[in-house]
Structures are given as structure tokens and as C-alpha cells.
Amino acid sequence: MEKIEQVRAALARRGLQALWVSDPANVRYLSGFTHPDDGRLLVTPGAAVLYTDGRYTVQAQEDALPGIEVVIARPMEAVEGAAGTVAGMKLGIEGAHLTVSALERLRERWQVQFHPVEGLVEELRLHKAEDELAGIRAAQDLADRVFAEVRPQIQAGVRELDIAIALEQGLRQAGATPAFDVIVASGVRGALPHGTASDKVIEDGDLVTVDFGANLNGYNSDMTRTVAVGQPSDELRRIYSAVLEAEEAAVRAVRPGLKAAELDAVARDILAGHGLAEAFAHSLGHGVGLVVHEGPRLAQGSEDVLKPGMVITIEPGAYLPGLGGVRIEDLVLVTEDGYEVLSHSPKETL
Ligand SMILES: CSCC[C@H](N)C(=O)N[C@@H](C)C(=O)N[C@@H](C)C(=O)O
């Protein structure tokens, strides 16, 4: 019930009494329910009720964390059934998730004051508990093993799609699913930061960016390696070395108390020094957990500050249309006195 108590405390700080949780990651985090797309959670001063339907009667009881009451009802029955409990309350809704039509349905049935809240549960999710960390480690260890198996197949003459299929098959055989569509971007396609695998055939001299993650028991990993096939050009090798330098420097800089924007600047300044400021077209990284992209934001202008227990990616890149690109990404835990790198797949030195 500790998480639910934290929610109640956060609600009280906002002058609210209850929260209707509809974001699946938040439903899962607070209730333990493993089919959170089909669940909603109502947190009130006296109870925390998970609503789901008859498809999950057994599953919901098995999954529910201690203190979570399970009510099996069709969505509208659930809303109608809760009307008495919430009547007159100041109720938080997750503005970033609840659709306009879902809110309309609630408005028709509940006599409450609705207050959109931003990031109330997401803030709790920033710090990973030991069981969550174990889940993320297991997902990343699995991804490392699968990458080691597939790495020898990254050769001239093989399609990007075949590499993606091999990675996906390895993940699925081990009981995981891909955390997102596998990115395999070779040669000029390397200039696409999110170049999901295509039928392009990998050629001699290509750099191949492989970015993938495992979702295991709800928790995700995220890692990128850029692999050389044959002898890439001097220019590509120069870019690779610059990105590697930026990535390693940013990882070494990770420590609690550091502003996320300052960490972003560590990598960005190094790439700028190599004439690659414009080529680094995205943020340095993001938090990883129940969702692949969650807080904190490691970006220019971010107000976030690193704290122990956060799991983040460090992933600078350089993308040059018509030439190619490089991204190198590690999954990193912020510890009490620094950092621990959770991704262990070897990186090339070109
Ligand atoms: C569609 S999930 C892609 C995962 C990938 N490893 C990744 O995070 N790529 C980054 C370039 C990215 O999308 N960064 C975001 C947070 C951004 O900079 O806005």
C-alpha cells in the first residue's frame, strides 16, 4: 500500500481527494495488474479499487498487489458503480491520457469536480524500487544475450529485416517481446534516427545502427550499437569516434544531483567540437521502466535532476543525410555515488 499512500499524499498536496487512473503504465505500477489496457484504478481516501472485466477475473485477483480491491464489471457498470463513492469529491484525472469522450462519459455519471493532473504517478515511477530494477536488469541482460547471438549475422549481403527478425525471434524465444519496432539502419539509412528495419541489403563499408529493447514482465530495456561491416570510409569512422567519445564522457558524468540539461550538454558540446552540433538531432536520453520513454528527460531545457534509483539512457547520435549515421546507447542506473551501466554488449572501436 506504500505506493497508494504516496498517491494520497500527492493528491493532498494538490488539494484533491481521489484519482481516476487510466494510463495503463500507471494502472500497472499501482495495482500490479498485468493487462492494464483493460483496467482502471480508483484511489480514494478509503480504498484503491481496480476495475476490469470478466476476461480477467482470475488474472486480476492473482496480480493485484496487497490492499488493492478488485471489482469485475464492464466499463460503464464500473463507472456507475463508483458514482456513490466519489460523489462530491475533488477528483484528479490523468489529463495526458484520458480521452475527451471518456471524460464526457464520466461527467455524465459522476457528481465530482474534475481536476486534470500531470505527472502525479509518473513522478513516483522516476525512482525504481528493487523489484523494478531487477525487472529492468533481466530485460537488459536478455537483450545483451540476444545481441551476442545475432551480432555475427550483421554482414554484407544480409537484409536489415533479417537482422530485426533474428533479434525479435531471440527475444520471443526467451519469453520477452520487442520493446519497440527494431531499428536496423545501414549505410545512408543510418541518417534516419528511427530507421526501422527495411529490405535494404547491408553492404560492405556500411555502418549499421541497431537499436532495440526487450520487454520482459512489463519492464523494458533500450540499447543501441553501431556496427561496422567491412571498412567504412574515413569520414564515417571519424563520426563514429566522435559519438563514442561523447557517449562515454556523458556516461562517466552521471551522478546524483546533476541537472539533466547539464548532462545533455556534456555530449552535445563534444559533438559540437567535432563539427557535429547540427547532426545531433535529438535529446541525450530518457528514463526507462514500464514505458520505454518515461522521465527523466535528458534534454536541453529539461528541469529534471538526476537522483539515485533512476534508470536512464545515454544515447548521443550524429545523422548526416546522404552519408549515414551513428548512435551509441547505454542503459544506466543512477546510484548513490555515481552510476552503473546496465547494458554490457561490446562497442566497436573504429
Ligand atoms: C520508439 S522508441 C525508440 C527508442 C530509441 N532507443 C530512442 O529512445 N531513440 C531516441 C533517439 C529518442 O527517440 N529520443 C527521444 C526521447 C527524443 O529525443 O525526443
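These figures come from a predicted structure and were not determined experimentally. Counting restarts for each chain, with residues numbered from 1 along the sequence as it is written. In keeping with the predicted nature of the model, local features appear solely for residues at pLDDT of at least 70, side-chain atom pairs appear and are counted solely at 80 or more, and the whole-chain, interface and lining totals rest on all residues. The side-chain values count all of the structure's non-hydrogen atoms but skip hydrogen atoms and water molecules.

Trainee: Provide a residue-level description of the sheet that holds strand β7 (residues 177–178), including the pertinent values.
Mentor: Strands are labelled as partners when DSSP assigns at least two bridges between them. Strands are runs of DSSP state E lasting at least 2 residues, helices are runs of H or I lasting at least 4, and numbering of each runs from the N terminus. Strand order across the open sheet formed by 3 strands is β7-β10-β11, with antiparallel pairing between neighbours. What marks the edges here is a single partner per strand, and that holds for β7 and β11 (219–220). As paired elements, strand β10 (residues 214–216) and β11 share 2 bridges and run antiparallel to each other. Of the residues in β11, the one forming a bridge with L216 is Y219.

Trainee: Let's hear about the site of the ligand: which residues, and what values?
Mentor: A molecule or strand has a residue near it when one of that residue's heavy atoms lies within 4 Å. Close to the ligand lie F180, H194, D211, D222, H282, S283, H286, H293, E315 and E329, which account for all nearby residues. One of the side-chain nitrogen or oxygen atoms of H194 is found 2.9 Å away from a nitrogen atom of the ligand. As used in this structure description, the phrase polar contact means that two N or O atoms lie within 3.5 Å; if the pair is within protein, one of them must be able to donate a hydrogen and the other to accept it, and residues adjacent in sequence are counted only when both atoms belong to side chains. Between the ligand and E315, the relevant distance is 3.1 Å, taken from an oxygen atom to a side-chain nitrogen or oxygen of the residue. About the coverage of the ligand: the protein hides 74% of its 500 Å² of free accessible area. Exposure was quantified through the Shrake-Rupley algorithm and a 1.4 Å probe, taking into account, for residues, occlusion by the shown protein chains and nothing else.

Trainee: Explain the pairing of strand β9 (residues 207–212) to me, and be specific about the residues and the numbers.
Mentor: On a regular strand, each side chain points to the face opposite its neighbour's, so the side chains alternate between the two faces of the sheet. The classification of residues rests on relative accessible area computed with a 1.4 Å probe and restricted to protein chains. Under 20% of the type maximum is buried, over 50% is exposed, and intermediate values are partly exposed. With 6 of 6 residues buried, β9 lies mostly within the body of the structure. Burial of the side chains of β9 extends over both faces: L207, T209 and D211 are buried on one face and V208, V210 and F212 on the other. Relative to β9, strand β8 (residues 183–186) runs antiparallel, the two sharing 4 bridges. Looking across to β9, one finds that S186 is bridged to V208. In terms of strand pairing, β9 meets strand β12 (residues 223–228) through 6 bridges, oriented antiparallel. Residue pairing for β12: L207 is matched across the bridge by A228.

Trainee: Give me the lowdown on the nonpolar core, citing residues and values where you can.
Mentor: Looking at soluble globular proteins, one finds that nonpolar side chains tend to be buried together. Among the nonpolar cores identified, the biggest contains 34 residues, and V7, L19, L30, L41, L50, L120 and V311 are the most heavily contacted of them. Of all the secondary structure elements, the ones that give two or more residues to this core are α1 (2–13), β1 (18–21), α2 (24–31), β2 (40–43), β3 (48–52), α6 (120–125), α7 (130–150) and β18 (330–334). Pairs of residues are marked as contacts when any of their non-hydrogen atoms sit within 4.5 Å. If sequence neighbours within four positions are ignored, L120 has contacts with V7, A10, L11, R14 and L19. Residues belong to one nonpolar core when they are buried, are Ala, Val, Leu, Ile, Met, Phe, Trp, Tyr or Cys, and are joined through side-chain atoms within 4.5 Å. By size, the runner-up hydrophobic cluster in this structure holds 33 residues, among which are A246, A250, L263 and I270.

Trainee: I'd like a description of the UniProt feature "domain: Creatinase N-terminal" (unreviewed entry) in the chain, backed by residues and values.
Mentor: UniProt positions are given in the numbering used here, feature names are shortened, and annotations may be inferred rather than shown by experiment. Under the feature "domain: Creatinase N-terminal" (unreviewed entry), the UniProt entry names residues 4–126. In residues 4–126, helix accounts for 43% and strand for 22%; the two terminal C-alpha atoms are 16 Å from one another.

Trainee: Give a detailed account of the side chain of S345, specifying residues and quantitative values.
Mentor: With respect to the element layout, S345 can be found in the segment after β19 (339–341). Here D144 takes part through its side chain, which lies 2.6 Å from a polar atom of the side chain of S345. Not counting residues up to four positions away in its chain, the partners in contact with S345 are D144, F147, M223 and R225.

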